[in-house]
Amino acid sequence: MPSVRTLGLVVRTVDVFETSLIMTAFTRDLGKVSGLAKGARRLKSPMQGGLDLLGVSDIVLLHKASDALDLVTEAVPVERFASLRRDLAALYAGYYIAELLSDLTDFHDPHPRLFDAATVTLRHLGEPLLRSRRVLRFELACLRELGLMPVLDACAHCGVEVEAEGDSFAFGLATGGVLCPSCRTGQPHVATLSGRTLGAIRALASPGNAWRDPELGPGSLGAVRATLGAVISHHLGRRPRLLPFLGA
Ligand SMILES: [Zn+2]
């Protein structure tokens, strides 16, 4: 029974039996993993604090036979995000990130860059001015890493280049991005985005500092919020539970 040690962000815990819990963590090296932590809820458990939701911990997992849950044998806290304890809006945003990692990723499918994006985002959720942009950037990073990123510069259906400037764009939620005029008819779940909204999504998805531009006012961010919420709901097959708790 080989054991593995990895850095993981705890994204879900469920109490089981008298004193145990089942934890799900998004780990840097192994992707999403789940395991039974026996006695972890006892007062003097050596895993105390190591399995707190939204904490990063050094976790040791003991792999069991295929039909049994893996066992968590060690969980030592490595990083706690202080702003999540003081600020309810930051906490909801943190829960939303945990929900996406828990429900959009597959078990044992590692994405170290997504792990890093999550921890960087959680570290800065206490800054209210840029909080919603950071969450939107995390969602875009999530979609990109998981191969679900909407096409923004070309028609998602036929591939023809789409003008960078324009008043409005057709955006196929099911097709996976912008649609040219000849492809938009007949496509299901087509939203209409203003040129400003599409520009804001492009800026938020870009490397560099364009996402910090004060020109991306609350008006365009609200429309980006609605669009990305719809894209993620489409991939999840339901609306994320925490989505209504995010400020626009
Ligand atoms: Zn087309």
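Residues numbered from 1 in each chain as written. Predicted model: local features only at pLDDT ≥ 70, side-chain atom pairs only at ≥ 80, totals over all residues. Heavy atoms only, no water.

A. The coordination of the zinc ion, seen in detail. Each protein donor to the zinc ion is listed here as Cys155 (SG), Cys158 (SG), Cys180 (SG) and Cys183 (SG); together their distances run 2.3 Å. Along the chain, the residues donating to the zinc ion are arranged with the sequence spacing C-x2-C-x21-C-x2-C. Taken together, the residues span a long stretch of sequence, with Cys158 in the loop between helix H4 (128-145) and strand E6 (168-172) and Cys183 in helix H5 (residues 181-184) at a distance of 25 residues. Classification of Cys158 by relative accessible area gives partly exposed; the value is 47%. Among the residues examined, Cys183 registers a relative accessible area of 11% and is labelled buried. (Donors = N, O, S within 2.8 Å, 3.2 Å for Na, K, Ca; no water. Helix = DSSP H or I, 4+ residues; strand = E, 2+ residues; numbered from the N terminus. Buried < 20%, exposed > 50% of the residue type's maximum accessible area, 1.4 Å probe, protein only.)

B. Highlighting the nonpolar core. Counting residues in each nonpolar core, the largest one holds 58 residues, and the members touching the most others are Leu9 and Leu101. Contact partners of Leu9, with chain neighbours within four places excluded, come to Thr24, Ala25, Phe26, Leu54, Gly55, Val56, Phe81, Leu101, Phe115, Ala118 and Leu122. Of all hydrophobic cores here, the second largest spans 12 residues; its members include Val33, Met47, Val72 and Ala75. (Core = buried A, V, L, I, M, F, W, Y, C linked by side-chain atoms within 4.5 Å. Contact = heavy atoms within 4.5 Å.)

C. Spatial organisation of the packing of aromatic side chains. A complete count under the given rule lists 1 aromatic pair for this structure. With a centroid separation of 4.9 Å and 35 degrees between ring planes, the pair formed by Tyr92 and Phe245 is classed as tilted. Here Tyr92 is found in helix H2 (residues 88-104), whereas its partner Phe245 is found in the segment after helix H7 (218-236), with 153 residues between them in sequence. Owing to a relative accessible area of 25%, Tyr92 belongs among the partly exposed residues under this scheme. Classification of Phe245 by relative accessible area gives partly exposed; the value is 46%. Sitting above the plane of the Phe107 ring, Lys32 keeps its charged end 4.5 Å from the centroid. It is Arg202 that lies over the ring of Phe169; its NZ or CZ is 6.0 Å from the centre. (Phe/Tyr/Trp six-rings, centres within 6.5 Å; stacked < 30°, edge-to-face > 60°. Lys NZ or Arg CZ within 6 Å of the ring centre and 35° of its normal.)

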